[in-house]
Structure formats: C-alpha cells, structure tokens
Amino acid sequence: MKKFSLIFMPILLLFTLFFIDYFLMPVWSLNFSFTLLILFLLSLMISGMIILLFRHKVSYFSLILVGLVILLAIGQFFRSSSIFNHQDKRALIGDITEKQFSTEISPLDLSKLPEVTPTMALNLGDKRLGEDLALGSQVTLTEFWANHVDGELYYVAPLAHSGFFRWMDNREGTPGYVIINAANQRDVRLVREVNGEPIRIKYQPDGYLGDDLKRKIYRAGYRNVGLTDFSFELDDDFNPYWVVTLYKNTIGASGRNPIGVVIVDPQTGEMEEYSLDNMPSWVDRAIPLKTAVEQINYWGRFVNGWWNPSKRGILQTTDGTNIVYNEGQSYYYTGITSAGADQSTIGFMLVDTRTKESVLYRISGATERAAMRSAEGAVQQFEYEATFPILINLEGEPTYYMTLLDRQGLIKQFAFVNVRDYSIVGIGETKNQASSNYVSRLRDQGQWSPIENVYDEVDLEGTVVRIGTSIVDAATYYYLILDTMEDKIFIAPLTMSNHLPLTKEGDRVKVSYYNSPAESINLSNFTNFNIGSTSPNN
C-alpha cells in the first residue's frame, strides 16, 4: 500500500499543478494574492502527503513549509498596506497637470457626437445578427469596444461562440465582427472579410481550451506577468486585433501598474509585445479603466496621509466614467468631487488611455448624475431616461452631452447641460436643435462670455443659398447656408432679428459669429441688405 502511495501521490501532485496552470492560469509571482493562496494550498497538500506516507514525528516538520508560506503572505500584507505605503500609492498615477478647459479641449463637430451607447450597440448588433437566421443561431455578441478609426468613432464586437458545442462546430473561428458608427445608429455592418480576405476570429475570450485567448497568451511565455483588459480593436485598414494589457504589482501584492501590451492576431494567434512607448498609433487603449480610476482615487484619498479622520482635502472620482476623444486621442473622463459632496464637482480629469498622462481641469459644477436628472426633468412628461453624459467643449463652454431614451431604449431627443450651471439645458429632436436651444439659454442666462474669450468674432457677407426653420420648445430657429462659406451651417433664433422671417434664398446678408471650428455655428448678429435699413437687430 505504501509503495502504491509513493507512486500515486506524486502523480496526483503533478496533475494538480497541471490543472492549476492550465485552467486557473495564476501569475507565477509572489506579488499576486491569488498565487499566494495557491502556494498555501499546495504546501498543505505536500505536507499532508508527507505525513500520510511516513507517519513519523519527523514528517511533521513538513508543516514548516506551510508556516513559511503564511509568513510570506503576512509580509506581503504589510508591503501592500496603505498604512505604510500611502505615498507610493498616491504617486502611481504620475504627475497631474492642470490646464484650461477652453484652450485645451477642442470643440467637436455636432455631427460627430456619438448617439450609440455600449448597451444600445448590443441591441443594434443583436438585431443585425437576427437578420441572418443561420448565423444568428451559431454566434452571439458579448461586448462592444469603442474604436477611433480613420477619423470616425465606432463600436466594434467580434462574433463570439454561443456555446461549447457551437465552438466544436466552428473550430476554425467565427466569421467576422460587427461594426457600428457611434454617430449614426443606422450604420450597422457585419464585416465578414477585409480586402477580399475572409475573417475567422479563432482566438477570443469566449473560446475554449487552446482557443481561449488568455490561455493562448499565457502559455506563450506570459506566466509571470498579469494579463488584463482584453480589448478588440481595428487597425487603420479595419483588420481586427486583440490588445491585451500587461501589468505588474509594484507595491507588494497591490499597486497594479501597466507595463506594456501584447497585440494578438485573432485569426492566426501570432502576437507581438510592445512597451507603452512604442505601440502602433492605431491602438486606442493600453491603460485599463479600472486601473486609472483606482490610481486617481489613491491620489485623492491620500492627499493628507493615511490617517485623516476629518477627510480634510480628500478628493474622489464621481459615480461613473466615460471615454472621450479629443483631436483623435482617446481619454478616460471622470468628474472629481470632494469627499461627501453629492451634487457638485471641483473639476474633472482626463487620463490618456495610451500613456496614462493625466490632466485636471478645475471647473466647479454639477456631477454627471445631477446633469442627467436635470435633462430628464426638462422633459419629465415623457419619462425619458438620460444616458451617461460625455463631456464636450460646446462653443467654449464645458458641457455635458447625452441622449434621451424612451422605455424601449430608442433615442427620442438630445440634450446639452451646462457643467457650471445644470439648470441651463438645451433639448431638441436633433443635435443641432438641442445645441441652438442650449446656446439660446446660455445667452438668456448671461453665460455667453466664455466663447467671446476663446474665439474671435468674425463678420461675413454673402448670398443665402438655402434657408430653413425649426421649432424647439416653442422657439423658432433659422438655419442658413451662404455662398461664401458653404461648408458651414449658421443658426439664429427668431429673436435675433426681424429680418430673419422675411429672408429668402438669393438675399444678400451679413452675419457675425465667433470663429469656432464646428460645422454648425450660432450667429451673434444678422442683417439682410435686401430689407430696408442695413442696421442689425431692427
């Protein structure tokens, strides 16, 4: 029996190690808590085997192995504790610079503002798969990722196996991915080939056994480094790749910090490692959102040390984050609020999703949740639900942009809410209508000065090529295109000039506006030379 045990127990131990390595895939580093737990269980197992085999007092010395692992875990606890390492944790985010919002954040073209949210993208993607009955029964969609490709913002998701047996039937991989234009919910495409070559997504997080993406990377030599944030991204030619962040714990078993990425071809499994400094330009994200928020909160929490019962000076992120794009660069956005503040922020922070470079903009105002409630309250009779906002620069003013959805999740209206004063709300059935309404409210509230400080006022004369009207919240707005600048749409409320309702195509006019790069521009003055006096605002 003892001879059998001498053979069986080592085999059992080897099988256990194989199972742990293949299925659990721990990071084989003492700076990871899960690894310490596994080492503790393995030490118990080994000690138990020795005691059962030899049944001698000396064999109990094998419990020293268990004790060593426990001592190691205790040591890592103190090395990881914020009590002793709060300054190191606060420094993880790096240097935080402060900048002016209006000069650093470029105004956006309203037509480029996203309409689609990740939740809506899943619904739109499922609807597209449902149009292909054969494909819809084989694959599913699990998550969409925001991608900036060729100047446009998209949501993309690979087709995933809908179960183990579907994976068995499609071992060569799923046939493509779904791409949705974030600014146009009607632009939903199923991409099956790129440049005439069919796509097969073989390696993916929802794969099994050797086709599991994490296992593929792990067994390719990445057993001693953390793998996280498996992002599906497209290069400039719309070829799909997985971008996986590599990280290490730098403060005991805490202080997670990204050190680079592995880019994996989902079709062939070929992979290439890059540091954060030399990644391809098309990669949007290397810094996990969870890591960025955690490090910002370390920075704000330990501003006056670990022991701070009065919470003096403590800052924290607001409830919710988003991804924003500025001049083609991707950033994590989060509001910054004082500890205990419910409705207001002291500013907001943008974190570069590639480099972790962080910028703080000190602007007192409403939190995202307060802005959402303000927008919902403006149309409370419809019981619309606001999406989590995106921070934008609208005519030089920090503004929350969001869509308003009905109970079926369909977009019904658009909303702009002023960050400094969330009672200033612009609502409309189109982005341009909502923007015009918002700018009108800014003028009414005397908040128009920021744009005057950012852009020069310009006078322009020309002939009206097209003119149209819309009514937003009982207010009439005019939309004009002039022959001297046909790439811009000029917007003016009826209250600006009595000339507006009498203006027609072919009239010679003069307009004044602040020279923003936006496609749609709100006028500050309007005159029609074909109507009586040439003085404005008659």
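Structure first, text after, so check above.
Residues numbered from 1 in each chain as written. Predicted model: local features only at pLDDT ≥ 70, side-chain atom pairs only at ≥ 80, totals over all residues. Heavy atoms only, no water.

Q: Where do I start with the sheet that holds strand 3 (residues 145-149) in this structure?
A: Backbone hydrogen bonds hold the strands of a sheet together, and the pairing may be parallel or antiparallel. Here four strands make up an open sheet; going across it, the order is 3-4-6-7 and the pairing antiparallel. The sheet terminates laterally at strand 3 and strand 7 (188-191), the two strands that pair on one side only. Geometrically, the sheet is characterised by an average inter-axis angle of 30 degrees between neighbouring strands, direction not taken into account. Pairing of strand 4 (residues 152-158) with strand 6 (residues 177-181) involves five bridges; the strand directions are antiparallel. Looking at strand 6, one finds that V156 is bridged to I179. (Pairing = 2+ DSSP bridges. Helix = DSSP H or I, 4+ residues; strand = E, 2+ residues; numbered from the N terminus. Axes fitted to C-alpha atoms, helices over the stretch in contact; angles between N-to-C directions.)

Q: Got a minute to help me understand the layout of surface pockets in this structure?
A: Rolling a probe over the atoms, with the probe sized like a water molecule, indicates the empty space that remains. Within this model, the largest pocket holds a volume of roughly 970 Å³. Looking at the largest pocket, it is lined by 46 residues, and the ones nearest its centre are T117, P118, F144, Y155 and N322. Mapped onto the lining of the largest pocket, the elements with two or more residues apiece are helix 6 (118-130), strand 3, strand 4, strand 10 (226-234), helix 10 (289-301), strand 15 (322-326), strand 21 (385-386) and strand 23 (397-405). (1 Å grid on protein atoms, 1.4 Å probe; cavity = no way out; pocket = protein on both sides within 12 Å on 5 of 7 lines; lining within 4 Å. Points joined across faces, edges and corners; volume = space filled by probe spheres on them.)

Q: Could you clarify how one ought to interpret the nonpolar core in this entry?
A: Side chains of nonpolar character tend, in soluble globular proteins, to be buried together. Counting residues in each nonpolar core, the largest one holds 61 residues, and the members touching the most others are V178, I180, M402 and F416. Discounting chain neighbours no more than four positions away, the residues touching I180 are V116, A121, L124, G125, F144, L153, Y154, Y155, D187 and V188. With 26 residues, the next largest nonpolar core counts M25, I199, L213 and W242 among its residues. (Core = buried A, V, L, I, M, F, W, Y, C linked by side-chain atoms within 4.5 Å. Buried < 20%, exposed > 50% of the residue type's maximum accessible area, 1.4 Å probe, protein only. Contact = heavy atoms within 4.5 Å.)

Q: Help me out: how do you make sense of a nonpolar patch on the surface in this one?
A: Side chains of F8, L12, F15, F18, F19, F23, L24, F34, L37, L41, L44 and L209 sit close together on the surface and give an oily, nonpolar patch of about 1,100 Å² of accessible area. Counting only elements with at least two residues in the nonpolar patch, the list comes to helix 1 (2-24) and helix 2 (33-54). For the nonpolar patch, the element with the highest residue contribution is helix 1, accounting for seven residues. You can see F18 is positioned in helix 1. (Patch = residues over 30% accessible without salt bridge, like charges linked within 9 Å, V, L, I, M, F, W, Y side chains within 5 Å. Areas by Shrake-Rupley, 256 points an atom, 1.4 Å probe, with all protein chains shown as cover. Salt bridge = Lys/Arg side-chain N within 4 Å of Asp/Glu carboxyl O.)

Q: Sorry if this is basic, but what is going on with the sheet that holds strand 11 (residues 240-251) here?
A: The strand order 10-11-12-13 describes an open sheet built from four strands, whose pairing is antiparallel. Here the strands that pair on one side only, and so sit at the sheet edges, are strand 10 and strand 13 (271-275). Neighbour-to-neighbour, the strand axes of this sheet turn through a mean angle of 30 degrees, independent of strand direction. Across nine bridges, the pairing between strand 11 and strand 12 (residues 254-264) is antiparallel. Across the sheet, V244 pairs through a bridge with V262, a residue of strand 12.

Q: Looking at this structure, how should I read the environment of I7?
A: Along the chain, I7 falls in helix 1. In this structure, the C-alpha to C-alpha distance between I7 and I93, residues 86 residues apart in sequence, is 52 Å.

Q: Help me understand the side chain of S512 in this model?
A: The residue S512 is located in strand 29 (residues 508-514) in this model. By relative accessible area, S512 is classed as buried at 8%. Leave out the neighbours within four places in its chain, and S512 touches E457, V458, D459, L523, S524 and N525.

Q: It is not clear to me how the packing of aromatic side chains should be interpreted in this structure. Could you clarify?
A: Centre-to-centre distance and the angle between the planes together describe a pair of aromatic rings. Enumeration according to the criterion identifies 24 aromatic pairs in this entry. Consider the rings of Y22 and F23, whose centres lie 5.0 Å apart with planes at 75 degrees: the pair is edge-to-face. By relative accessible area, which is 15% here, Y22 ends up buried. Geometrically, the ring pair formed by Y333 and F348 is tilted, given 5.8 Å between the ring centres and 50 degrees between the ring planes. Of this pair, Y333 sits in strand 16 (residues 329-338) while F348 sits in strand 18 (residues 347-352), and the two are 15 residues apart along the sequence. Here the aromatic cluster, defined as three or more aromatic residues joined through ring pairs, consists of F18, F19, Y22 and F23. (Phe/Tyr/Trp six-rings, centres within 6.5 Å; stacked < 30°, edge-to-face > 60°.)

Q: Just to check I follow, could you spell out the side chain of S43 for this structure?
A: Topologically, S43 is positioned in helix 2. Aside from chain neighbours lying at most four places away, what touches S43 is L65, V66 and V69.

Q: Please clarify how the pairing of strand 29 should be interpreted in this entry.
A: Two faces, one strand: in a regular strand the side chains alternate between the faces of the sheet. The buried fraction of strand 29 amounts to five of the seven residues, a majority that puts the element mostly inside the structure. Two strands pair when backbone bridges link them, and strand 29 and strand 30 (residues 520-528) are joined in this way by five bridges, in the antiparallel orientation. If you follow K510 over to strand 30, its bridge partner there is T527.

Q: I keep staring at a negative patch on the surface and nothing clicks. Help me out?
A: Judged by side-chain charge, D483, E486, D487 and E519 come together as a negatively charged surface patch. Looking at D483, the relative accessible area reads 38%, which means it is partly exposed. (Lys, Arg positive; Asp, Glu negative; His and termini not counted. Charge placed at Lys NZ, Arg CZ, Asp CG, Glu CD.)

Q: Sorry, what's going on with helix 3 (residues 63-80) here?
A: One turn of the α-helix equals 3.6 residues, which is why residues spaced by three or four share an orientation. Between its first and last C-alpha atoms helix 3 spans 26 Å; for 18 residues at 1.5 Å apiece the expected length is 26 Å, and the two agree. Among all positions in helix 3, only V66, V69, Q76 and S80 are buried. One side of helix 3 carries all its buried residues, which in axial view fall inside an arc of 85 degrees. Exposed and facing more than 90 degrees away from the buried side of helix 3 are L68 and L71. (Expected span 1.5 Å × (residues − 1). Arc of directions from axis to C-beta.)

Q: What's the story with the pairing of strand 13 in this structure? I'm lost.
A: As judged from the five bridges shared by strand 12 and strand 13, these two strands associate in the antiparallel manner. Within strand 13, the position partnered with V261 by the bridge is Y274. Linking strand 12 to strand 13, which pair antiparallel, is a turn of six residues; within it G269 sits at a positive phi near 85 degrees.

Q: What is the right way to read the packing of helix 2 against helix 3 from this model?
A: Pairs of packed helices are described in terms of their axes, by the angle between the two and the distance that separates them. For the pair helix 2 and helix 3, the least separation of the axes is 8 Å and the interaxial angle reads 165 degrees. Taken as axis vectors, helix 2 and helix 3 run roughly antiparallel relative to one another. Helix 3 is crossed by helix 2, and the crossing has left-handed handedness. In this structure, helix 2 uses L36, L39, F40, S43, L44, I46, S47 and I51 to contact helix 3, whose residues at the interface are L63, L65, V66, V69, I70, L72, A73 and Q76. By residue class, the composition of the contact of helix 2 with helix 3 is 13 nonpolar, three polar and no charged. (Parallel < 35°, antiparallel > 145°, perpendicular 65-115°, else oblique. Left-handed = near helix turned anticlockwise from the far one by under 90°. Nonpolar A, V, L, I, M, F, W, Y, C, P; charged D, E, K, R; others polar.)

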